[in-house]
Amino acid sequence: MKVMKFGGTSVGRPERMRDIAGLISREDEPKIIVLSALSGTTNSLVEISEALSVSDRMGASEKIDALYKHYQAFVSDLFKTEEGLAEGKKIVEDHFEFLNIILKISYSESLNKDILAQGELLSTKIMSAYLKEIKVPHVWIPALDFMTIDSYGEPQLGSIKVKLAQILREHKDTNLFITQGFICRNSRGEVDNLKRGGSDYTASLVAAATGASVCEIWTDIDGMHNGDPRIVEGTTPVRKLSFNEAAELAYFGAKILHPASIWPAQHYNFPVRLLNTMEPDAPGTIISSEADEEGVKAIAAKDNIVAVKIKSSRMLLAHGFLRKIFEVFEKYTTSIDMVTTSEVAVSLTIDDESRLKLIVKELEAYGQITTDHNQTIICVVGNKVALAPNILIKTFDSLNDIPVRMVSFGGSRDNVSILVPREYKEQALQQLHSGLFG
Ligand code: ADP
Ligand code: ASP
Ligand code: MG
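Right, let's walk through the structure included here.

Before going further, it helps to spend a moment on the sheet that holds strand S16 (residues 415-421). Across the sheet, which stays open at both edges, the 6 strands sit in the order S12-S13-S11-S14-S16-S15 with antiparallel pairing between neighbours. Both edges of this open sheet fall to strand S12 (336-341) and strand S15 (406-409), since each of them pairs with a single strand only. The sheet shows a mean angle of 25 degrees between the axes of neighbouring strands, taken without regard to direction. Here helix H9 (residues 243-251) sits on the sheet in contact with strand S11 (298-311), S12, strand S14 (368-381) and S16, set at roughly 65 degrees to S11. The sheet contacts of helix H12 (residues 356-363) involve S11, strand S13 (345-350) and S14, and relative to S14 the element is tilted by about 120 degrees.

The following block contains the structure:
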């Protein structure tokens, strides 16, 4: 069994969907295909939902109409036979009828999740109808029948495994399955999702649940690059990464991979391959348990970071002080990314400021608190990167004219993290790239 996941841009245009149909029917190893929504769709659904949440029905309705037109044009182009087109149009009608009905329903968080789920339902149903048109045997399976998360939002791999195995057993003679990325059911049985970019995570969970030989993530670029290609010119693909390197890069902002998609692969030890739909025979990146050569592999950046400083001349040296500080963050289920300490202060960073006010209020018992918003963590990643010759000299030389707020070095040998104000992100990434790879 092999799992192949195709992202939004890979299914975003009719000709791409046709290419994928060719790719997935290329060999006869059994496959589960995980699809994202067509590119732009989830963003539009988020906007529709946001409009509804502030009772802007007119705004929501206009956005639904624009999206509807997009899908009508998409299916008209994709299907070549009368029956195919009729089926494609029916799928679009059904889902947009739902969207138009929700205009009349009062907004809730669970309705929001229902709205967001429409993208993956549409893309997989359209793909399935197209495969039927070109006579490729397959079965469409609803992710909502097997992909579940618990009350903490964590996937229930044990039950996913059992349910998926049952579904596959019901279709013993089928070699090709199509399912939705991103969407799932939560502990209340409602439609939910694995957060933005979550189709990668679906693919990796499906691969773990089925004991797949490989999880292939097909996207619009030839693998993990050594820098963010949207910001830095001249980035190049990294051919091999260890699970740890890939997890660090994904966690620290390399958008090509959802941060949680590595742990199932690491735990069940199957490789993840990053491949380019536009160049299907290019090698891409292979992520596995094998550590490749040592040194700097890539640089990534994560935005929307808040630095919190606790200054306390009287307590810092007292034992148990850090524990008390960390307990406050734990109490408000907010995880900490970077920590630095000095004699009189400790600084740490968080990426979720939803409970910041409460956290600050409690921290005030331990000292004077200051917060710096809108920061970016720049992360230099590589196997034993911290041992690379002159890594700190090169890093700081490159960031010479940038006001660095925090540095984390030595936490692991595989990364060096630097916190800078968001407005310096582009400059920092570009200068570091030339400094470390140039
Ligand atoms: P998909 O829709 O297939 O899930 P994404 O847009 O989520 O695709 O991820 C692919 C994009 O990630 C690329 O087009 C690229 O712009 C961006 N990206 C950011 N950092 C990196 C990186 N280090 N290597 C490759 N791509 C990256
Ligand atoms: N469609 C979802 C999103 O845009 C999930 C994904 O594409 O991975 O976030
Ligand atoms: Mg993605």
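Surveying the vicinity of ligand 1 reveals 17 residues, the closest of which are Gly8, Thr219, Asp220, His225 and Lys255. In the model, an oxygen atom of ligand 1 is placed 3.5 Å from a nitrogen or oxygen of the Ile256 main chain. Bound to the protein, ligand 1 loses 87% of the 570 Å² it would expose on its own. Residue classes in the shell around ligand 1 are distributed as 5 nonpolar, 7 polar and 5 charged.

Turning our eyes to something else, we now look at the nonpolar core. Ranked by size, the top nonpolar core spans 105 residues in total, and within it Phe6, Ile24, Ile126, Phe146 and Ile287 carry the most contacts. The greatest single-element share of this core, amounting to 11 residues, is contributed by helix H6 (residues 109-133). Each residue touching Ile287, except ones within four places of it in the same chain, is listed here: Leu241, Ser242, Phe243, Ala246, Leu257, Ile262, Pro271, Val272 and Leu274. The next biggest cluster of nonpolar side chains, apart from the first, holds 18 residues, and it includes Val232, Ile391, Leu399 and Leu429.

Counting buried residues in strand S4 (residues 176-180) gives 5 out of 5 residues, a clear majority hidden from the surface. Residues Leu176, Ile178 and Gln180 of S4 are buried on one face, and the alternating residues Phe177 and Thr179, pointing to the opposite face, are buried as well. Here strand S3 (residues 139-141) pairs with S4 via 3 bridges, running parallel. Bridging from a neighbouring strand, Ile141 pairs with Thr179 of S4. Between the parallel elements S3 and S4, the chain passes through helix H7 (residues 157-170) in a crossover that is right-handed.

Lining the immediate surroundings of ligand 2 are Ser36, Thr42, Glu120, Phe182, Arg196, Gly197, Gly198 and Ser199. The separation between an oxygen atom of ligand 2 and a polar main-chain atom of Ser199 is 3.0 Å. When the free accessible area of ligand 2 is taken as 260 Å², the share hidden by the protein chains comes to 86%. When the residues that make up the shell around ligand 2 are grouped by side-chain class, the tally is 1 nonpolar, 5 polar and 2 charged.

Inspection of the secondary structure puts Gln375 in strand S14. A polar side-chain atom of Gln375 sits 3.2 Å from the main-chain carbonyl oxygen of His373.

Our next topic: the side chain of Asp414. By secondary structure assignment, the location of Asp414 is in the loop between S15 and S16. When residues no more than four places from it in sequence are discounted, the contact partners of Asp414 are Asn244, Glu248, Val380, Val381, Gly382, Asn383, Lys384 and Val385.

Right, let's talk about the packing of aromatic side chains for a bit. Two descriptors summarise a pair of aromatic rings, namely the distance from one centre to the other and the angle between the planes of the rings. In this structure the tally under the stated criterion is 7 aromatic pairs. Note on Tyr201 and Trp263: the rings are 6.4 Å apart at their centroids and 75 degrees apart in plane angle, and the pair reads as edge-to-face. With Tyr201 in helix H8 (residues 199-210) and Trp263 in helix H10 (residues 263-268), the pair connects residues that are 62 residues apart, well separated along the chain. With a relative accessible area of 6%, Tyr201 lands in the buried category.

Rules of the game
- Residues numbered from 1 in each chain as written.
- Chains lettered and ligands numbered in written order.
- Predicted model: local features only at pLDDT ≥ 70, side-chain atom pairs only at ≥ 80, totals over all residues.
- Heavy atoms only, no water.
- Pairing = 2+ DSSP bridges.
- Helix = DSSP H or I, 4+ residues; strand = E, 2+ residues; numbered from the N terminus.
- Axes fitted to C-alpha atoms, helices over the stretch in contact; angles between N-to-C directions.
- Contact = heavy atoms within 4.5 Å.
- Near = heavy atom within 4 Å.
- Polar contact = N/O pair within 3.5 Å; in protein donor to acceptor, adjacent residues only side chain to side chain.
- Areas by Shrake-Rupley, 256 points an atom, 1.4 Å probe, with all protein chains shown as cover.
- Nonpolar A, V, L, I, M, F, W, Y, C, P; charged D, E, K, R; others polar.
- Core = buried A, V, L, I, M, F, W, Y, C linked by side-chain atoms within 4.5 Å.
- Buried < 20%, exposed > 50% of the residue type's maximum accessible area, 1.4 Å probe, protein only.
- Right-handed = clockwise from strand over helix to strand, strands pointing away.
- Phe/Tyr/Trp six-rings, centres within 6.5 Å; stacked < 30°, edge-to-face > 60°.

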